[in-house]
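In case you want the letters, here they are:
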Amino acid sequence: MRPLKPGMLAMIVGLKKNTKLNGRCVKLIQPVEPGESFAIPIAPFEVRRYSKNNPSGWVCTGDIPKHLTSIVGGWGVFKPQNLIPLEDDDHQFWDDTGIYNDAPGFIRSTVK
């Protein structure tokens, strides 16, 4: 799996509390460490301090409901293990056999 990078699209997976967010697509904005401050991407005038009790995470934007503590919705912080990149891996593509091939349009012969 590719490493997470700012600007990348990812899918939220494996949340146990907010399960309704699983399967949603988000855009990664920036990594955030415990105790670090960051501006909310949707409302840059609102700055948050990421709790020292939380693990490292990614600030993301997307179809995310409004939090009780925020004046706007559309953003959240998620652990890296709850984000799966939605971009291809070094420009390789799946064929119909489920095997990676080096180029789109690669045709595997089935003739014996």
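(A) Molecular detail of the side chain of N82. Within the fold, N82 resides in the loop between β6 (75–78) and β7 (83–85). Excluding residues within four positions of it along the chain, N82 makes contact with M11, I12, V13, G14 and L15.

(B) Region of interest: the sheet that holds strand β5 (residues 57–62). Here we have 5 strands laid out as an open sheet, ordered β6-β5-β2-β1-β7, and antiparallel in their pairing. Whereas interior strands pair on both sides, the edge strands pair on one side only; in this sheet they are β6 and β7. Strand-to-strand twist across the sheet, computed as the mean angle between neighbouring axes with direction ignored, equals 45 degrees. Of the strand pairs in this sheet, strand β1 (residues 9–12) and strand β2 (residues 25–32) are connected by 3 bridges, and their pairing is antiparallel. Looking at the pairing, L9 lines up with K27 of β2.

(C) Molecular detail of the nonpolar core. Residues I12, V26, L28, C60, F78 and L83 are the most contacted members of the largest nonpolar core, which totals 13 residues. What V26 contacts, discounting residues up to four positions off in sequence, is M8, L9, A10, I12, C60, T61, I64 and L83.

(D) Structural view of the pairing of strand β4 (residues 43–49). Bridge count for strand β3 (residues 37–40) against β4 is 4 bridges, and the pairing is antiparallel. Across the sheet, I40 pairs through a bridge with A43, a residue of β4. Hairpin geometry of β3 and β4 is characterised by an intervening segment of 2 residues between the two adjacent antiparallel strands.

Criteria and cut-off values
- Residues numbered from 1 in each chain as written.
- Predicted model: local features only at pLDDT ≥ 70, side-chain atom pairs only at ≥ 80, totals over all residues.
- Heavy atoms only, no water.
- Helix = DSSP H or I, 4+ residues; strand = E, 2+ residues; numbered from the N terminus.
- Contact = heavy atoms within 4.5 Å.
- Pairing = 2+ DSSP bridges.
- Axes fitted to C-alpha atoms, helices over the stretch in contact; angles between N-to-C directions.
- Core = buried A, V, L, I, M, F, W, Y, C linked by side-chain atoms within 4.5 Å.
- Buried < 20%, exposed > 50% of the residue type's maximum accessible area, 1.4 Å probe, protein only.

In short, the description is geometric, and any link to function would need to be established separately.
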